[in-house]
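An overview of the molecular structure
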Amino acid sequence: MLADVLALATKDLRIELRSPASITGALTLGLVGLVVTGLAAGPDTARLRAIAPGLAWLSVVYAAIAVGERLDRIDRTDDAFSVLWLSVDDRRAIFAGKVLALTAVLWTITLALLGAAVVLLNVEPSPAAIALVPLAGLACLALASATGLVTGVVGVSSQRILLLPVTLLPLLAPTLLAASQATAALIEGRLDSALPWFALLGAQAALFAGLGLLVYESGVALE
Amino acid sequence: MLADVLALATKDLRIELRSPASITGALTLGLVGLVVTGLAAGPDTARLRAIAPGLAWLSVVYAAIAVGERLDRIDRTDDAFSVLWLSVDDRRAIFAGKVLALTAVLWTITLALLGAAVVLLNVEPSPAAIALVPLAGLACLALASATGLVTGVVGVSSQRILLLPVTLLPLLAPTLLAASQATAALIEGRLDSALPWFALLGAQAALFAGLGLLVYESGVALE
Amino acid sequence: MPHVPPADLRLELRRVSKLFGTTVALWQVDLEASAGQLVLVQGANGSGKSTFLRIAAGLTSPTAGEVRWAGGPRSSRPRVAHVGHASGLYDGLTPFEHLTLSARLCRTDPTDALALLERIGAASVAGEPCGRLSAGMRRRISLARAFASDPDAILLDEPLAALDEAGVTAVLKLIDEATQAGRLVVVAAPSDARLRAKAGHTVALADGHVLRSLPPSAGWLEQIDAG
Amino acid sequence: MPHVPPADLRLELRRVSKLFGTTVALWQVDLEASAGQLVLVQGANGSGKSTFLRIAAGLTSPTAGEVRWAGGPRSSRPRVAHVGHASGLYDGLTPFEHLTLSARLCRTDPTDALALLERIGAASVAGEPCGRLSAGMRRRISLARAFASDPDAILLDEPLAALDEAGVTAVLKLIDEATQAGRLVVVAAPSDARLRAKAGHTVALADGHVLRSLPPSAGWLEQIDAG
Amino acid sequence: MIVLRRLLAPPALVAFAAVLGVVAVGLFVVPPDRLQGQVQRIMYVHVPSAWIAYLAFFVTFTASVRYLWRRELGADRLAASAAEVGLVFTGVAIVTGAIWGKATWGIWWDWDPRLTTTALLFVIYAGYILIRGSIVDRVRRARAGAVIGIVGFANVPIVHFSVTWWRSLHQPPTIIQPGDPTIDHLLLGELLASVLAYTLLFLYLLNRRLELERARDEAELALLMPS
Ligand code: HEM
Ligand SMILES: Nc1ncnc2c1ncn2[C@@H]1O[C@H](COP(=O)(O)OP(=O)(O)OP(=O)(O)O)[C@@H](O)[C@H]1O
Ligand SMILES: Nc1ncnc2c1ncn2[C@@H]1O[C@H](COP(=O)(O)OP(=O)(O)OP(=O)(O)O)[C@@H](O)[C@H]1O
Ligand SMILES: [Mg+2]
Ligand SMILES: [Mg+2]
């Protein structure tokens, strides 16, 4: 099954990378979102710095929804999904491949965004901030699993571009919160107060991914 | 031409309203955006109140992109656009119809959102706030024209869901700013300081709409 | 009262070429066709038929060469209808709504449009959203809409694909009537005996090149089959 | 070494009905078919052919009734390939990439898949992204992929639509070979003399009802045409 | 068993009488609060509504798990009905809370953790209903609902514990906590009675919704019965 997961994730990433505007697009989306949100929040750096982790993660959540919907649409256009469904031995591979590809894209975006936020806002990160890398990975896994799960069950519908954010934003609010809190703690070097948030993120990733695997195994994702 | 514009806008709104989740979905998206952004910004009401008009309009901008991409996709799916292109006498009607439909949807959403923001953030609006209704209309026209213009030029492409926000967010930053400032001024009853922003919004709406009409007339919007 | 196509309607393609990147989709194609003709564009898969139709309709611009529509009042361009491989239907609207919208935009009589729906055998689904229709039914709706728009010229890409026998008969009849009414009809299909038997002019494409272009004459059918 | 379909492979539909809202797409359909058979599902547009194939493939769940695939080792479900009206291709991947991905997922030999691409006449476009291919070429790629996946059963929805003559010949040959290799083939088409001449079993659908289901026997073709 | 059934499906009369009873007691019997005065009586609506919403979403959660496990449409109907009723109670809790807040804090709303998370809870279940509404296929609707019904429930404990996890304006748990409750026993009695009465109301509404859902499903199945 692992080979299938890799083959499927590679397929998604290849299609993704082949379109020239793609990853850069997602990245720019995140950056622009950050800047515009900052603009909307007004020009007070101290205030901005306080809300920066939250805003950065909010941009990542928006990017997760946009990229997730895109990766899902790759399969839904022209009914490629049916072909996959009949081809793979273990259908959980379809979900796992999708989540893997999405996690990879989001992780890249997140690290770039956090870096940009640190530079733009003149934050002095503590050495503990290196733990942001695994933190971002975990949070992106949670985001990707939730997005994969919900896009899978919502399926094709002309409303999905609205339905997905409507459902995902509140569902991901705890993830957003945990990721922001942990990020703030790590930047200030409070490793111990970041740990519970790590645990929370892990639990969320496990919940979303577990449910996704279950749902795909039993054929929920189709039609 | 006016009859054609109305017929086309009615077509869009009918498709839009027929899907049960549609307008409510857009509205909820706006509300959720507001709540989640509030959450990301942290629980300090004074701070939130200061940035509220910006946040509300940011939600409207996101909704504009989501709904605009949806309205445009209605025509791009299955190449319905080609049929329109060959059917109408004056091709600017296609653009005008699209912008009209989008403005109508956005105006509804904006008024609901501003109302919600006033209640949620404990703002005491001044009587001058009634001018928010035409203000919202003007700003929505600007947002709708810009969205219609860019979706038209970007055309079908698998990246559009990323390209649209990337192009539109910075393009709309001045609109966002003007609308937020005017809103803040009107809520506090400073009618006179809102006027320049009104003028700016009007100029933007004229610019985007004029450019859109030009582009459609000369056939750039195709392919 | 259906609109009468101008008797001097003409379509002229002059050395039209179309490149997609480095792919040559059409290469120096010439064509002259006029009101009341049925032109069949024939060729293997990928030979450029669809590209040809889209360029003639003005939906794609040629890389080189010129497409000209002439005839009728100077002020207005001739009305061209095009049905491609894609249906051009909105999933959320019913056939009835499609035809009334089209009638309003094309300034034709909506009752004529509904009569056409009946003739093409799709009246029973007129109130169903198109997204729920079967492939053949969608095809019928697109075709009915094109014929109902009272076009001067009508360009059809594989009009008989996905249709059952009743559908094929109805569409062939509509094509006949259109040419009789003086419309210019251009049909693309890889190879279809039913269409070939009717065509007044056949353009055979191969890899974007015109192999031969046969004006009306006895014996052209044999020539094609021999070649 | 291509995989050998189990000799006792069977498809059974028992009183299968499918409703979409209040539309009856299929009504109490029964079918039994086994390895090596070619079943033709025939009927007017909207009669339920595509729904029938999707339900048989397990891509749509029936509202009532039962679909059973039997035969082969208990542990694994039989491998079913399905080609519907939609192509199932990614615009951004080439035919070559499609076939190698499919080969990896289906655990077949990628070189066999490429040989198939050659046979179906699509080798010349193997390196072109599918989004740029013509309608007929896309159809060929989908069909080649289905045949290359070494399925126990293969379900084809209007396999000959959009193909030119060379394509039709190649696909008919592939269908023949598949039945000879012991695969179960189910083909849906509104009406096609070329397929009817080959079919061992014909199911005639009308408005979701089985009008008649004809097992192999001399004279069935006449019966159909008389009815 | 029958007794349990009866208990779980209270007649309208009983449910409404119980609610009227506790409202009357809340308004006229229980003394006003020493600090807050008459407004405090709103608690007897506010707090039970919030708790009943939790209960309803818990029902949705368990029924969703059951659905995914057993694939019974009955479980899905229960989940959907409970979510809808729960959404109404959440709405009531928010509105009464806002009124109460205007009276005691002087504001309708604040970005307090409890309030924000409650709003999110409302939106999640609104999304649940929207998504179900957008899916036509019965089985798929049920599956999507089940998934969101499960994931969405994770927010209920977050709402409950939000007051202890973050500093909050909102009342911390006064009743559901270890040790002796910190409020007056008469008030407590009225509160518990209210909870009981609203539970009856919840069960009544839930049953009515269930009947409606059942009738809808049966109407679909009735089409499948041979007439
Ligand atoms: C819009 C504003 C409000 C919302 C959305 C809201 C929401 C809630 C929710 C969800 C609960 C259930 C908590 C739980 O047990 O887990 C609750 C309980 C409660 N609320 Fe509110 N509330 C609001 C305003 C207020 C105000 C203004 C007061 C009083 C000053 C108040 C007093 C209480 C009390 C006493 C409880 C019971 C606490 C307990 O024992 O757990 N609420 N509220
Ligand atoms: N997703 C759907 N939603 C609603 N109705 C549907 C859906 N799919 C099919 N139908 C209906 O079911 C019936 C059978 O459709 P189906 O596509 O199976 O027909 P078909 O025999 O394949 O027709 P064609 O020859 O045109 O392809 C039609 O009445 C159609 O409107
Ligand atoms: N949008 C496009 N981008 C790149 N290449 C294209 C595009 N459209 C067509 N082509 C190429 O142009 C050539 C002609 O394509 P066209 O669709 O016109 O063929 P066709 O004769 O209609 O074939 P079919 O019978 O399969 O429909 C093909 O080689 C195709 O790959
Ligand atoms: Mg073509
Ligand atoms: Mg079909």
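Residues numbered from 1 in each chain as written. Chains lettered and ligands numbered in written order. Predicted model: local features only at pLDDT ≥ 70, side-chain atom pairs only at ≥ 80, totals over all residues. Heavy atoms only, no water.

Some points on the packing of helix 2 (residues 95–106) of chain C against helix 4 (residues 135–148) of chain C
Residue and element names in this part refer to chain C.
- As a packed pair, helix 2 and helix 4 sit with axes 10 Å apart at the nearest point and diverge in direction by 20 degrees. Classified by the angle between their axes, helix 2 and helix 4 sit roughly parallel to one another. In this structure, helix 2 meets helix 4 at a crossing whose hand is right-handed. Between helix 2 and helix 4, the contacting residues are Pro95, His98, Leu99 and Ser102 on the first element and Ile141, Ala144, Arg145 and Ala148 on the second.
- Within the contact of helix 2 with helix 4, the residues separate by chemical class into five nonpolar, two polar and one charged. (Axes fitted to C-alpha atoms, helices over the stretch in contact; angles between N-to-C directions. Helix = DSSP H or I, 4+ residues; strand = E, 2+ residues; numbered from the N terminus. Parallel < 35°, antiparallel > 145°, perpendicular 65-115°, else oblique. Left-handed = near helix turned anticlockwise from the far one by under 90°. Contact = heavy atoms within 4.5 Å. Nonpolar A, V, L, I, M, F, W, Y, C, P; charged D, E, K, R; others polar.)

Let's talk about helix 2 of chain C
- Spanning twelve residues, helix 2 of chain C covers 16 Å between terminal C-alpha atoms, matching the ideal 16 Å at 1.5 Å per step.
- For helix 2 of chain C, the tally of buried residues reaches nine of twelve residues, placing the bulk of the element in the interior.
- Looking at helix 2 of chain C, one finds that the buried residues are Pro95, Glu97, His98, Leu99, Leu101, Ser102, Ala103, Leu105 and Cys106 of chain C.
- As for helix 2 of chain C, its buried residues are in contact with helix 1 (2–18) and helix 4 (80–87) of chain B together with helix 3 (110–119) and helix 4 of chain C.
- Immediately beyond the C-terminal end of helix 2 of chain C, within one or two residues, lies Arg107 of chain C, with a positive phi of roughly 55 degrees. (Expected span 1.5 Å × (residues − 1). Buried < 20%, exposed > 50% of the residue type's maximum accessible area, 1.4 Å probe, protein only.)

A few points about the coordination of the magnesium ion (ligand 5)
- The protein atoms donating to the magnesium ion (ligand 5) are Ser50 of chain D (OG) and His85 of chain D (NE2), with metal-donor distances spanning 1.9 to 2.2 Å. Of this pair, Ser50 of chain D sits in helix 1 (residues 49–57) while His85 of chain D sits in the loop between strand 5 (80–83) and helix 2 (95–106), and the two are 35 residues apart along the sequence. (Donors = N, O, S within 2.8 Å, 3.2 Å for Na, K, Ca; no water.)

Here we look at the pairing of strand 2 (residues 23–34) of chain C
Residue and element names in this part refer to chain C.
- Here strand 1 (residues 10–20) runs beside strand 2; their pairing, made up of eight bridges, is antiparallel. The partner of Leu11 across the bridge, within strand 2, is Ala33.
- Linking two consecutive strands that pair antiparallel, namely strand 1 and strand 2, is a turn of two residues; a positive phi of about 60 degrees is found at Gly21 within it. (Pairing = 2+ DSSP bridges.)

A word on the environment of Arg138 of chain D
- Mapped onto the fold, Arg138 of chain D is located in helix 4 (residues 135–148).
- A relative accessible area of 14% places Arg138 of chain D in the buried class.
- Counting along the chain gives 62 residues from Arg138 of chain D to Gly200 of chain D, while the straight-line C-alpha distance between them is 28 Å.
- If near-sequence neighbours (up to four positions away) are discounted, Arg138 of chain D is found in contact with Asp78 of chain A together with Ser87, Leu89, Asp91, Cys130, Gly131 and Leu133 of chain D.
- There is a polar contact of 3.1 Å between the side chain of Arg138 of chain D and the side chain of Ser87 of chain D. (Polar contact = N/O pair within 3.5 Å; in protein donor to acceptor, adjacent residues only side chain to side chain.)

Concerning the site of ligand 1
Residues and elements named next belong to chain E.
- Taken together, 23 residues surround ligand 1, and among them His46, Trp51, Tyr54, His160 and His170 come closest.
- Side-chain polar atom of Tyr54 to an oxygen atom of ligand 1: 2.6 Å apart, as the coordinates give it.
- Taken together, the elements giving at least two residues each to the shell around ligand 1 come down to helix 3 (43–70), helix 4 (73–104), helix 5 (113–134) and helix 7 (155–165).
- Looking at the shell around ligand 1, the element that brings in the most residues is helix 4, giving six residues.
- For the shell around ligand 1, the class distribution of residues is 13 nonpolar, nine polar and one charged. (Near = heavy atom within 4 Å.)

Things to note about a nonpolar patch on the surface
- A surface patch of nonpolar side chains, amounting to about 450 Å² of accessible area, comprises Val23, Val25, Leu27, Phe28 and Val29 of chain E.
- Considering the arrangement of structural elements, one finds Val29 of chain E in helix 2 (residues 12–29). (Patch = residues over 30% accessible without salt bridge, like charges linked within 9 Å, V, L, I, M, F, W, Y side chains within 5 Å. Areas by Shrake-Rupley, 256 points an atom, 1.4 Å probe, with all protein chains shown as cover. Salt bridge = Lys/Arg side-chain N within 4 Å of Asp/Glu carboxyl O.)

Let's talk about the interface of chain C and chain B
- With 28 residues of chain C at the contact, the number on the chain B side is 24 residues.
- Of the roughly 2,200 Å² buried where chain C meets chain B, counting both sides, 51% is carbon and sulfur surface.
- At the junction of chain C with chain B, the criterion picks out six salt bridges.
- Between Arg14 of chain B and Glu97 of chain C there is a salt bridge; the shortest N-O distance is 3.7 Å.
- Our count for the contact surface shared by chain C and chain B stands at nine residue pairs in polar contact (both at pLDDT 80 or more).
- Elements with a contribution of two residues or more to the side of chain C that touches chain B: helix 1 (49–57), strand 5 (80–83), helix 2 and helix 4 of chain C.
- The greatest single-element share of the side of chain C that touches chain B, amounting to five residues, is contributed by helix 2 of chain C.
- Of the residues contributing to the side of chain C that touches chain B, the split by class is eleven nonpolar, eight polar and nine charged. (Buried area = accessible area lost by both parts, 1.4 Å probe.)

Some details on the nonpolar core
- Judged by nonpolar contacts, the single largest core of 238 residues is most densely connected at Trp57 of chain A, Trp57 of chain B, Phe52 of chain C, Phe52 of chain D together with Tyr125 and Phe202 of chain E.
- Counting residues per element, this core draws most heavily on helix 7 (residues 160–187) of chain A, at 15 residues.
- Leave out the neighbours within four places in its chain, and Phe52 of chain D touches Leu13, Leu26, Val29, Leu31, Val41, Val186 and Leu205 of chain D. (Core = buried A, V, L, I, M, F, W, Y, C linked by side-chain atoms within 4.5 Å.)

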